[in-house]
Amino acid sequence: MAAENITPLMRQYQTLKRQHPQALLLFRLGDFYELFYEDAIVAARILQITLTSRSRESGQPVPMCGVPHHSAENYIARLLRAGHKVAICEQMEDAAKLKGRKLVRREVVRVITPGTATDLALLEPKENNFLAAVAWDSSVPAAGLAFVDISTGEFRATEWSGADARAKLEDELLLLRPREVLMPRPESLFTEALPLDLGASGGVETRLDDWVFREDHAERLLTTHFGVVTLEGFGLTGHRLAVSAAGAILHYLQDTSVKGGGGLEHLDRLAFYDQPDALVLDSVSVRNLELVTPAAGDDKGPTLLSCLDDTCTPLGARLLRSWILRPSVDAEEIEARLAAVAELKSQTVAREEIRHDLTGVLDLERLNSRITLGVVMPRELVALRHSLGRIPVLRGFLAASRAARLAALHAQLDELADVRERIAAAIADDPPAVKAFGPSETGVIRAGYNADLDDLRALGSKGRQTIAAMEDRERKRSGIASLKIRYNQVFGYYIEVSKANLHLVPADFERKQTLVNAERFTMPELKEYERRVLDADERILEIERRLFSELRQWISTQAGRLRQTAAALAQLDVLATFAHLAAARNYVRPELVAEDDGGRAELVLAGARHPVIERLLEQRGERFVPNDLYLDGGAHLVLLITGPNMGGKSTYLRQAALLVLMAQMGSFVPAQQARLPIVDRIFTRIGASDNLARGRSTFLVEMSEVAAILNLATPHSLVLLDEVGRGTATFDGLSIAWAVVEHIHAETRCRTLFATHYHELTELGGLLSGVQNVHVSVKEAGGNIVFLRRVEPGCADRSYGIEVARLAGLPRRVIERAREILARHEQKEHKLSAELSPGADPGAGENGASPRSAPAAQQPLFTPIDREVLEALRDADLDQLRPIDALNLLARLKDQVS
Ligand code: ADP
Ligand code: MG
């Protein structure tokens, strides 16, 4: 469209749009934000609103759609969630003051992107809102990652190198689930762009010019921002990719931050982190254990997080989430948390009071950021004041605590009385609900706070009296009884004198206007008054703005104290929640046991329950059957769990991992007793066919996941294998499973729980000294299988598939035929199996042979159960059998087995 054909309004629009080509431009027009052209088409689809067109433009009609400005937040949130950036354009002046011009001035006041949003309404209260940046160097290969939650001030960076750098980066992104990821453009010259599929982690990607990622640029930006000469203090020396990722983040934030708002002072540190300070959970395990997101296809299903999240504040909820994803491996830290939980558990009244008081504490971390970013609203400061008001009481509860961690929290909780008092003094109790100060929004500053402001306000309210008094005085002075002081829009204040009285007008009156019957005057005093009144509103606004901004700036100098207090409150919240759950659900304090290098400490769970399933069953009025677990890295290194489908195998496995994880978070655990060594990694793998719902799991995926375990697990890891080998033909799968167990037993030496439907695998229990069999028990009653859910030593006494089929009512002939086929199949495999017997057993000598291993060592891989022989024996009625028949039977049976 030719520029001369469009209206000035559209020209203004296009100028602004050109400055923000990557964002949807929300263009303020009166009470609406309008979107035009392509933006309108995109937004109408996402927001499900009507697409109209603006026909005032000559030529093509312009597609448009709009949202009311008072409910815009909700729409903006949806656009962000759909992965768009949004530029907000406001009218910068009052349309009433146009004075002949056609257009009000408009400006883009802020650009909001999914990773930089700070409005509380745009954020998930219980989740971090991470913005991440990724740097990549394929020549090593190495990957750098930095991420920030601008709404809380958390800013961290890390780096990996080696063949699995990319896999680790992807795992970390899956854990973090950043809303937005910064990367160099694909055609970069100086830096490499790593082609990453962000689909799984859910973020949107933002491509930046590659020089933004250059290390020298990054380093300069970071050192300037933090006011340091080197990045050494942050642990960043020698980590150039971490530095360049962190630099890209800072660059982007400075670029998108609110114009005229505050700075990024709350980003006052950048921490380099390394994995080893936390229990490592790869993304596959996080998914399989349903820690924070339920299994696919069940969005509302319970997770460990939902089961434990009884926190009172969003601060606590976020910390809990991060503790679940990064349990500690530091015994001292874990013990400190456990001791605090123990004390809070025993102090029922104090604990529940603390939780009650915490409930009134708002999201201090995010308020703090909004203050330093300069986008805080008056009402949020009032909320801050109320939240801070809770702290003295909370400190009071902690004052006498014995647990060191609680005493530390007591010390870290800063009452911030000065902040609270200043807010109370300056801000009205119930200020107007403004987003930003607009032309008419005053009343934020409390009366009595500022003398100028009070005078100006008094002027407004006393105005009428002042005029009446002046009128009275002038009547007396001039002797004109009909003299009036009036006001109108065009001429302002004037003194009106009728023609008849003109001769009485005093000398200091100045003529303003002549009417038919009267003259209008003014005088210095009235002029002065007029100026003060007309300016008063604007000046009130100006002063309120200034006072508010001064207060905001002063509070932002206290950001460090606020942040520390917020962190202490978050921790208090989580610890009190753990104590609350422990009391309400009968969880016990786990005992941490010291471990040697070989990982041979005992791991004992007695009467353990699956925290999530226990809750589910309770809701249905059922009871969870507690079970025991014993592993020791020696004779009980690998546990093979057999039993029928639905018997409880998978539950038993996951329960072990969840309890270990909870203990290392510092929580009590659902068991009667728990003695646990500190685990460095948890791996969970599920056989492919159990996993079909996810659609992407093929046998190849299953195997590459298993490969990762064999390569990465250490003697201090806990490995759960659930029906691994299932994704391929039976004998294939069995052979792989067999070899995996052998390898774990001989090389990896990680404590392993292996649930399997390969009944044959249980033979390993007799062959390898560190392998034990357990099974989930069932009993048959009244033609039905009853699941007892008890885990008992030994293997299931037979394969249950055909039994279950029989109980399900499959015709007798089908059952018999199935047995026949099975028997033959097993005989065939038997021949193969002879060649597969395992070789020397490394564990046997040093640990002392387990009681079962020696005599069983020569057993073949598959024991053919000759069902026909067994059935014939079972069917033989000895009471009725004549000796000659008995001999015949014996001969026939011998025939069959030889
Ligand atoms: P498997 O893996 O052997 O097929 P699952 O572990 O999936 O069996 O368990 C099937 C169902 O049995 C679970 O969904 C749960 O409802 C129930 N269940 C499992 N273990 C127990 C238990 N210890 N007590 C009560 N119910 C249990
Ligand atoms: Mg299962």
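These numbers were taken from a predicted model, which means no experiment stands behind them. (Residues numbered from 1 in each chain as written. Chains lettered and ligands numbered in written order. Predicted model: local features only at pLDDT ≥ 70, side-chain atom pairs only at ≥ 80, totals over all residues. Heavy atoms only, no water.)

Peer 1: Whenever I open this one, the pairing of strand S15 (residues 492-498) confuses me. Can you help?
Peer 2: On a regular strand, one side chain projects to one face of the sheet and the next to the other, so that they alternate. Counting buried positions along S15 gives six out of seven residues, so the element sits mostly inside the fold. Where S15 and strand S17 (residues 518-522) come together, four bridges link them in antiparallel fashion. Bridging across to S17, glutamate 496 finds its partner in arginine 520. (Buried < 20%, exposed > 50% of the residue type's maximum accessible area, 1.4 Å probe, protein only. Helix = DSSP H or I, 4+ residues; strand = E, 2+ residues; numbered from the N terminus. Pairing = 2+ DSSP bridges.)

Peer 1: Would you explain the nonpolar core in this entry?
Peer 2: If you look at soluble globular proteins, the nonpolar side chains tend to sit buried side by side. Membership of the largest hydrophobic core comes to 122 residues, with the highest contact counts inside it found for Leu291, Ile324, Leu381, Leu384, Ile427 and Ile682. Looking at which element gives the most residues to this core, the answer is helix H19 (residues 559-585), with 13 residues. Leaving out residues up to four positions away in the same chain, isoleucine 427 has contacts with Pro378, Leu381, Val382, Val444, Ile445, Arg446, Phe548 and Leu551. Of all hydrophobic cores here, the second largest spans 36 residues; its members include Ile150, Phe155, Ala157 and Leu182. (Core = buried A, V, L, I, M, F, W, Y, C linked by side-chain atoms within 4.5 Å. Contact = heavy atoms within 4.5 Å.)

Peer 1: Looking at this model, I keep getting lost on the sheet that holds S15. Mind explaining?
Peer 2: What holds strands together in a sheet is hydrogen bonding between their backbones, with the strands either parallel or antiparallel. If you walk across this open sheet you meet the four strands as S14-S15-S17-S16, and the pairing is antiparallel. Two strands close off the open sheet at either side, each with one partner strand: strand S14 (484-488) and strand S16 (510-514). Strand-to-strand twist of the sheet, defined as the mean angle between neighbouring strand axes without regard to direction, takes the value 40°. Note that S16 and S17 share four bridges and pair antiparallel. Among the inter-strand pairings, glutamine 513 is bridged to a residue of S17, identified as arginine 520. This element, helix H17 (residues 451-478), spans S14 and S15 of the sheet and lies at about 140° to S14. Helix H18 (residues 524-556) rests against S14, S15, S16 and S17 of the sheet, and its axis sits at about 145° to S15. (Axes fitted to C-alpha atoms, helices over the stretch in contact; angles between N-to-C directions.)

Peer 1: Would you mind going over the environment of glutamate 519 with me for this structure?
Peer 2: Examined against the element boundaries, glutamate 519 turns out to sit in strand S17. Among the residues examined, glutamate 519 registers a relative accessible area of 4% and is labelled buried. Along the sequence, glutamate 519 and serine 498 sit 21 residues apart, while their C-alpha atoms lie 6.4 Å from each other. Apart from the residues lying within four places of it in its own chain, the contact partners of glutamate 519 are Ile495, Glu496, Val497, Lys499, Leu502, Arg511, Gln513 and Thr514.

Peer 1: How do you make sense of the site of ligand 1 when you look at a structure like this?
Peer 2: For ligand 1, the set of nearby residues contains 14 residues, the closest of which are Val625, Met646, Lys649, Ser650 and Thr651. In this structure, an oxygen atom belonging to ligand 1 sits 2.7 Å away from a side-chain N or O atom of serine 650. Alone, ligand 1 offers 560 Å² of accessible surface; in the complex the protein occludes 82% of this. The element best represented in the shell around ligand 1 is helix H21 (residues 649-665), accounting for three residues. (Near = heavy atom within 4 Å. Polar contact = N/O pair within 3.5 Å; in protein donor to acceptor, adjacent residues only side chain to side chain. Areas by Shrake-Rupley, 256 points an atom, 1.4 Å probe, with all protein chains shown as cover.)

Peer 1: Sorry, what's going on with the pairing of strand S2 (residues 32-36) here?
Peer 2: In terms of burial, S2 is largely enclosed, as four of its five residues are buried. Bridging between strand S1 (residues 23-29) and S2 involves three bridges; their strand directions are antiparallel. Looking at S2, one finds that phenylalanine 27 is bridged to glutamate 34. Joining the antiparallel neighbours S1 and S2 is a turn of two residues, in which glycine 30 adopts a positive phi near 65°.

Peer 1: Hey, could you run me through the sheet that holds strand S5 (residues 85-91) in this one?
Peer 2: Judged by pairing direction, the sheet is mixed, and its six strands sit side by side in the order S3-S4-S2-S1-S5-S6 without closing on themselves. Only two strands of the sheet have a single partner each, and these edge strands are strand S3 (52-54) and strand S6 (106-112). Here the strands of the sheet are splayed against their neighbours by 35° on average, with no regard to which way each runs. The strands that helix H1 (residues 8-19) touches are S1, S2, S3, strand S4 (62-68), S5 and S6; relative to S1, the one it contacts most, it runs at about 145°.

Peer 1: What is the right way to look at the packing of helix H16 (residues 417-426) against H18 in this model?
Peer 2: The axes of two packed helices give the description: the angle between them and the distance between them. Where H16 meets H18, the closest approach of the two axes is 11 Å, and the angle between their N-to-C directions is 175°. Between H16 and H18, the angle is such that the two are roughly antiparallel. Contacts between H16 and H18 involve Asp418, Val419, Arg422, Ile423 and Ala426 from the first element and Leu551, Trp554 and Ile555 from the second. (Parallel < 35°, antiparallel > 145°, perpendicular 65-115°, else oblique.)

Peer 1: I keep staring at the pattern of salt bridges and nothing clicks. Help me out?
Peer 2: Between side chains of opposite charge, pairing is possible as soon as their charged atoms come close. The final tally for this structure, using the stated rule, is 57 salt bridges. One salt bridge in this structure joins lysine 126 and aspartate 309, with 3.1 Å as the shortest N-O distance. Placement of the pair is lysine 126 in the loop between S6 and strand S7 (131-137) and aspartate 309 in the loop between helix H8 (304-308) and helix H9 (314-325), with a sequence separation of 183 residues. Across the pair aspartate 472 and lysine 476 runs a salt bridge, and its minimum N-O distance is 3.3 Å. Of this pair, aspartate 472 and lysine 476 both sit in helix H17, four residues apart, roughly one helical turn. (Salt bridge = Lys/Arg side-chain N within 4 Å of Asp/Glu carboxyl O.)

Peer 1: Which parts of the structure should I look at to understand helix H15 (residues 404-412)?
Peer 2: Since the α-helix turns once every 3.6 residues, residues separated by three or four places project in the same direction. Residues of H15 that are buried: Arg405, Leu406 and Leu409. Within H15, the buried residues cover an arc of 100° as seen down the axis, which keeps them to one side. Opposite the buried face of H15, by more than 90 degrees, sit the exposed residues Ala404 and Ala411. Those residues of H15 that are buried lie in contact with helix H10 (331-346), helix H14 (391-398) and H19. (Arc of directions from axis to C-beta.)

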